[in-house]
Structure formats: structure tokens, C-alpha cells
Amino acid sequence: MNSKTFIWAMAAALWTCFAQAQVPLTGLGESIVTIKNNRLWAVNLETTVFKPEGDGPFPVVIINHGKSFGNNRLQGRERAIVATRQFMQRGYAVVLPMRQGFSNSGGAAVGEGCNIAGNGEAQADDIQAVMKWVVQQPWADSQKMIMMGQSHGGLTTLAYAQDPHPGIRFVVNFAGGLKYTQGCQWELALKDAFRSYGQKVKVDSLWFYGANDSFFPPEVIKPAHQAFVEAGGKAQMVAFGAFGADAHGMFASPGGLPIWWPKVEAKLLEYGMPTSLSFPQYATAGKTPKPEPTQWADLKAIDQIPHLKDGGRKGYGVFLEKPLPRAFALSSSGAWGWANGGDDPIASALTNCQKNSKSPCLLYAVDEHVVWKP
């Protein structure tokens, strides 16, 4: 095996391992399907589907993923679990396609370069293929659909909205755009892209951008939004101020729900879409159960934590400064791990601890309570 072949073999192994790490959540009706895209040399698009119990037809939400740093192939399969739970509780099916060149989808990423408008349209071509598949499913209500996207997925969503399926009621753009800094003025290219889309977009749109967005700050987005509207696009801007360390991650954070859900819910009602909690079980389905608090020690009594050495006690001090939800785990070997945020920090904390321990890891603290049982 030559060196080039070896590198590709190692990369393929890494991609396979990453894909295997994301086990479908059966409690949320999660499945993975492959859909052929529309290109001359068609490739499979890895697509995640969350579907409520029953035959439907269910209203549908299509969520378009962003672009992580580094190799697109190493990007995880998108689940947008915070938003997915919100919509599933209200009886929606959620469809999350990985575009060409991302994760386990085939081919190479398309549309790179300074032509940001063209980039979004190239991404939207894959979404057209996914939409064609969705409306053919017996469980899908093809007349009650919305689409949303975050970052690169927001750009993709607005590009798709130039030629949407008639069943798309409105679209949502979370911090959408593309920051391509190699040899071009990307801020002007983004403004031109949104102006171009605004001339053709056929549906209402809702935009969310934060004051401390590290990719698309207000001085970049305000003129781009204005260009979109002046060109004829209908776009309600929600400028929600600062959020955490970086507003670009608001959509994926449980803490972002109070910002975006009321606005989206109002828009759903405006367009006659369901909002009542018909499936409340999906709020917690698939999550690790939270144990009951114990009287082992006070939460902040770091010196009373068993097994930990100095490094672990310092780590616990860091954990105490993190916002909820959060969890801390440890083992008799002195290993430890914590997690906060995300869909299931309890499972993440146990996993982080177990990576460094041959002994079983157990929970010590969850949120504001010690749950340790010696």
C-alpha cells in the first residue's frame, strides 16, 4: 500500500468510526435514510429523519446544517436535537439532510470560493432533491412545511427559498451566511448574495442574529439584511443581543430556546401550523434519567468528594462555574469527567469520565445537587 492509499484508508476508517458513534435514538423515532441528489453524477445524501408515533400525515420541518471547521467529511451527522425535540412535541416530523461532501454523504463539497450567492444555490440544489423525496412520503403533510438553517445552512435555506415547494409556509435563518476570507471581500459578497436572493425569494422569512456573533456581527449583517429587503425579500430581523461567549451557537443551545421559540411559534400560528403539545413525551425521550439528590455532601464542598486527586478537584471547581444543565462523574480510579449544555449532559459526563477509567464511572453531581451514592 502506498502512502496516498494509506492516508485515504485511514481517513475512511475515521469517518466510519465517527458515524458509528452516533447511534439512532429510538425513543425519538430516529432513522437514517439515503437520498440521491440531482447532479449529473448523483451521490447519496445521508439524511436523518425524526418521526412521531403513528402514520401521520405530519407537518414537516427541514433543518439545514452549518459548516464546521476543517474537513467536511469529519463533520458529524446533524441532529439539531434541541429544535428537534421542540417540534416533535408538537407533532412535526423533522428532516435533516447532510449535503454533498459532508459527513457520510457522497461526493465533494461544491460551491467553494468568493461567489457566496452561487455557493448557497449549489447547496440548495441538494435540498431540492431531499424535498422531492419528502413530499413523496405517506407520513408527510406536503402542504404544511417549514425550513430552517443555521450558519451555512441559513444561507442554503435562503437560496432554496428562491424556488421553494408550494407547501413551504416560511423559512427561518439562524446566523446564516458564509465567511470566505481567501482573496475576496466576503462581507460585500455576502451582501450581494442576500440582495440577489431578495429579488427572487417567494416566502416569508425570520432572521436571528446576535450582537456577539463571531462570524456575522451586526456591522456585516445589518447592510446585508437591508439589501435583501430593498431587493424585495420579506425578512423579519430578530437582533437578540449578546448570547453566551458567541451568539453564533445560539440555535444549538438549550439556553437559546427562550430567544427563538416564541418568535417561531408566533409565525407558525400566523400560517396555521400546529403548536399544541400533542407529544410531550419527546421532551425527554432517549435522555439519561436524572437521579434523585442525596445527602452525601454540599454541592460546593470540594474537599469531601471521594477518589479525586488535585487535578480532579480543580476540574470540579470549573464544573461548578458552568451553567445548567450540567453533570459531573467520577470513578474509584480517580478518573473524572463533566459536561454541560447539549441534549444529554449526564450521558456526556459519564462518557467523558469513562474514556480515562477502566473502573465504572458514576455520577457525583447533576445540576445543583449531589447525587453520589457510595
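Along each chain, residues carry numbers from 1 onward, in the same order as the chain's sequence is written. Two thresholds apply to this predicted model, a pLDDT of at least 70 for residue-level local features and 80 or more for giving and counting side-chain atom pairs, whereas whole-chain, interface and lining totals are computed over all residues. Heavy atoms from the whole structure form the basis of all side-chain values; hydrogens and water molecules are not counted.

Caption draft 1: How the structure looks around the pattern of salt bridges. In the sections that follow, a salt bridge refers to a side-chain nitrogen of Lys or Arg positioned within 4 Å of a carboxyl oxygen of Asp or Glu. Applying the stated criterion across every chain, the model contains 11 salt bridges. Arg195 is the partner of Asp192 in a salt bridge, and the nearest nitrogen-oxygen pair spans 2.8 Å. Here Arg195 and Asp192 lie together in helix H5 (residues 186-198), a separation of three residues that amounts to about one turn. Owing to a relative accessible area of 42%, Asp192 belongs among the partly exposed residues under this scheme. Burial status follows relative accessibility: with a 1.4 Å probe on protein chains alone, a residue under 20% of its type maximum counts as buried, one over 50% as exposed, and anything between as partly exposed. Arg195 sits in the partly exposed class, given a relative accessible area of 31%. Of the charged contacts, one joins Asp367 and Lys290 as a salt bridge, the two residues approaching to 2.7 Å between their closest N and O atoms. Taken together, the residues span a long stretch of sequence, with Asp367 in the loop between strand E11 (362-366) and strand E12 (369-370) and Lys290 in the loop between helix H7 (257-270) and helix H8 (310-320) at a distance of 77 residues. Runs of H or I in DSSP of at least four residues are treated as helices and runs of E of at least two as strands, each being numbered from the N terminus.

Caption draft 2: Local environment of H8. The set of residues buried in H8 consists of Gly312, Gly315, Tyr316 and Phe319. Looking down the long axis of H8, one finds its buried residues gathered within 105° of arc, a one-sided arrangement. Looking at H8, the residues exposed on the side facing more than 90 degrees away from the buried face are Asp310 and Lys314. Note on contacts: a residue pair is in contact if any heavy atoms of the two residues lie within 4.5 Å. For H8, the secondary structure elements touched by its buried residues are strand E9 (326-330), strand E10 (336-340) and E11. It is the directions from the helix axis to the C-beta atoms that the arc portrays.

Caption draft 3: Representation of the packing of aromatic side chains within the structure. To pair, rings of Phe, Tyr and Trp, with the six-membered ring standing in for Trp, must have centres within 6.5 Å; the planes then decide the type, stacked if under 30 degrees apart, edge-to-face if over 60, and tilted in the middle. Taken as a whole and judged by the stated rule, the model has 23 aromatic pairs. With a centroid separation of 6.2 Å and an interplanar angle of 45°, the aromatic rings of Tyr364 and Trp372 are classed as tilted. Each of the two residues, Tyr364 as well as Trp372, counts as buried. Through successive ring pairs, a cluster of aromatic residues spans Phe87, Tyr92, Phe174, Phe208, Phe251, Trp260 and Trp261. Its guanidinium or amino end placed over the ring of Phe102, Arg99 lies 5.3 Å from that ring's centre, counting from NZ or CZ. We count a charge as sitting over a ring when the NZ of a lysine or the CZ of an arginine lies within 6 Å of the ring centre and within 35 degrees of the ring normal.

Caption draft 4: View of the packing of H5 against helix H6 (residues 218-230). Axis separation between H5 and H6 bottoms out at 7 Å; the angle between their running directions is 25°. Classified by the angle their axes make, H5 and H6 are roughly parallel. At the point where H5 passes H6, the crossing takes the right-handed sense. Between H5, through Trp186, Glu187, Leu190, Lys191, Phe194, Arg195, Tyr197 and Gly198, and H6, the contact on the second element is made entirely by Val220, Ile221, Pro223, Ala224, Ala227 and Phe228. Classes in brief: Ala, Val, Leu, Ile, Met, Phe, Trp, Tyr, Cys and Pro nonpolar; Asp, Glu, Lys and Arg charged; the others, Gly included, polar. Tallied by class, the residues present in the contact of H5 with H6 amount to 10 nonpolar, one polar and three charged. Interaxial angle, 0 to 180 degrees, is taken between N-to-C directions of lines fitted to C-alpha atoms, where a helix line uses only the stretch in contact. Any angle that falls under 35 degrees is termed roughly parallel, while one over 145 is termed roughly antiparallel, one within 65 to 115 roughly perpendicular, and all others oblique. Each crossing gets its hand from how the near helix is turned against the far one by less than a right angle, where anticlockwise is left-handed and clockwise is right-handed.

Caption draft 5: Local environment of the sheet that holds E11. DSSP calls a pair of strands paired once it identifies at least 2 bridges connecting them. Across the sheet, four strands lie side by side as E10-E9-E11-E12; this open sheet has antiparallel pairing. Pairing within the sheet leaves two strands with one partner each, and these edge strands are E10 and E12. With two bridges connecting them, E11 and E12 associate as antiparallel partners. Bridge pairing links Val366 to His369 in E12. Its contacts with the sheet put H8 on E9, E10 and E11, and the angle it makes with E9 is roughly 170°.

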